[in-house]
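# Secondary and tertiary structure notes
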Amino acid sequence: MKIGIVFGGKSYEHEISIVSAISMKDVLKDELVYIFLDQDREFYHIPTNTIKSKLFSSGEYKKCDTLTLKKDGFVKKAMFGEKSLDVDVFLNITHGGDGEDGLIASLFEFNNLPYIGPRKGACSVAFNKFLTKGYAQSAGVKTIQYKYYTKEDPVNVVQFPVIIKPVTLGSSIGVSIVKTQEELEYALDVAFEFDDAIIIEPFIAGIKEYNLAGTKINGEFVFSIIEEPQKAEFLDFDKKYLDFARTSTALKADLSPQMQEKVKESFKKVYNNTFEGSLIRCDLFIQDEEVYLNEINPIPGSMANYLFEDFNSVLTSLAKSLPKEKDIKITYEYVNKIQASKGK
């Protein structure tokens, strides 16, 4: 199987996507074909044997072949016309904007290309933390209390500490823990620098956080181990950035069988059929034996490979169990009836 790794994008998480993409060389056994989307939204074919982070920071990637996306996939210029890029399935590993907001999903679906990743509807739910909260609650999964603000809204915080999060950013970018009124204005400036809307939640010191990744293959859920990430106050950008390059298996959390089942049931409710075709990671809190969804990672860092005992097997099995687009036949029956009734 040839897997097309699509990464980069016009996003604050562009560099993290590069790190995740490169890490796939260490965990996937199939032939990888690297397709880079730069900040100008130009596609490039990056040779697998020469890919490294400096290639992008130096701009040398522009010496690689440019690609054009068409109905049959990606093509590049050849001596006589065009040559198709030989790919069996695409893996969307573009974090943040372009990848997680539905843009790349739309391109794939419009061109009828098989891909692993969140579909358009799933992107809408997971990319916006405000919408994620409502989605989770409607699916029967609890969330921490929150308030939503835009740049134009007066922000009123009664009780500290709180945590401030830009609504459409991941990797803890723009996130701050605010402990006093004096710290609030600066934290708001930081968050609104990255986004036009934020959510504010109470910061609960010492609350237990757990990560669970999974997917659905042939209608059956496949789960990773449940990890309790090691952290100080919260997983900041630097810690998460290092996690995006992880390829060694994480340690399993010390949870009772009953609590593990509660976590998995919450995951199932979140995944539902909304996220079919993708491998996601849910970050969850546990307090007083209750499970709360923190956030959904529709394209987790390094695809959360470090949470699986056999990540390669899971991903290749998922590639063979992707949802099929409904075949809609356009017959013009209705238009023909109207024309016939008018004698035309």
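In short, a report on the structure.

### Side note on helix 3 (residues 103-110)
For helix 3, the full list of buried residues reads Ile104, Ala105 and Phe108. Within helix 3, the buried residues cover an arc of 100° as seen down the axis, which keeps them to one side. Buried-residue contacts for helix 3 involve strand 1 (2-8), strand 2 (31-37), strand 5 (73-78), strand 7 (89-92), strand 8 (115-116) and helix 4 (120-127). Asparagine 112, located one to two residues past helix 3, shows a positive phi value of around 55°.

### Some words on a nonpolar patch on the surface
Nonpolar side chains collect at one region of the surface, where Ile328, Ile330, Tyr332, Tyr334, Val335 and Ile338 lie side by side and expose about 690 Å² of accessible area between them. The topology assignment puts isoleucine 328 in the loop between helix 9 (311-319) and helix 10 (333-341).

### Examining the pattern of salt bridges
Under the counting rule described, the total for this entry stands at 15 salt bridges. For the salt bridge of glutamate 201 with lysine 165, the shortest nitrogen-to-oxygen distance reads 3.1 Å. With a gap of 36 residues between them, glutamate 201 in strand 13 (residues 197-202) and lysine 165 in strand 11 (residues 162-166) connect regions that are remote in the sequence. Across the pair, exposure class does not vary: glutamate 201 and lysine 165 are buried alike. Residues joined by salt bridges that share partners form a network here, namely Lys133, Lys165 and Glu201.

### Quick notes on helix 4
For an α-helix the count is 3.6 residues per turn, leaving residues at separations of three or four pointing the same way. Of all the residues in helix 4, the buried ones are Ala122, Cys123, Val125 and Ala126. Looking down the long axis of helix 4, one finds its buried residues gathered within 165° of arc, a one-sided arrangement. If you follow the buried residues of helix 4, they end up packed against helix 5 (129-138) and strand 17 (290-297).

### What about the sheet that holds strand 16 (residues 280-287)?
Within the open sheet, the five strands sit side by side as 9-17-16-14-15. Their pairing is mixed. Looking at the sheet topology across the chains shown, the edges are occupied by strand 9 (142-143) and strand 15 (220-227). Across seven bridges, strand 16 lies against strand 17 in antiparallel orientation. Bridging across to strand 17, isoleucine 286 finds its partner in valine 291.

Rules and cut-offs
Residues numbered from 1 in each chain as written. Predicted model: local features only at pLDDT ≥ 70, side-chain atom pairs only at ≥ 80, totals over all residues. Heavy atoms only, no water. Buried < 20%, exposed > 50% of the residue type's maximum accessible area, 1.4 Å probe, protein only. Helix = DSSP H or I, 4+ residues; strand = E, 2+ residues; numbered from the N terminus. Arc of directions from axis to C-beta. Contact = heavy atoms within 4.5 Å. Patch = residues over 30% accessible without salt bridge, like charges linked within 9 Å, V, L, I, M, F, W, Y side chains within 5 Å. Areas by Shrake-Rupley, 256 points an atom, 1.4 Å probe, with all protein chains shown as cover. Salt bridge = Lys/Arg side-chain N within 4 Å of Asp/Glu carboxyl O. Pairing = 2+ DSSP bridges.

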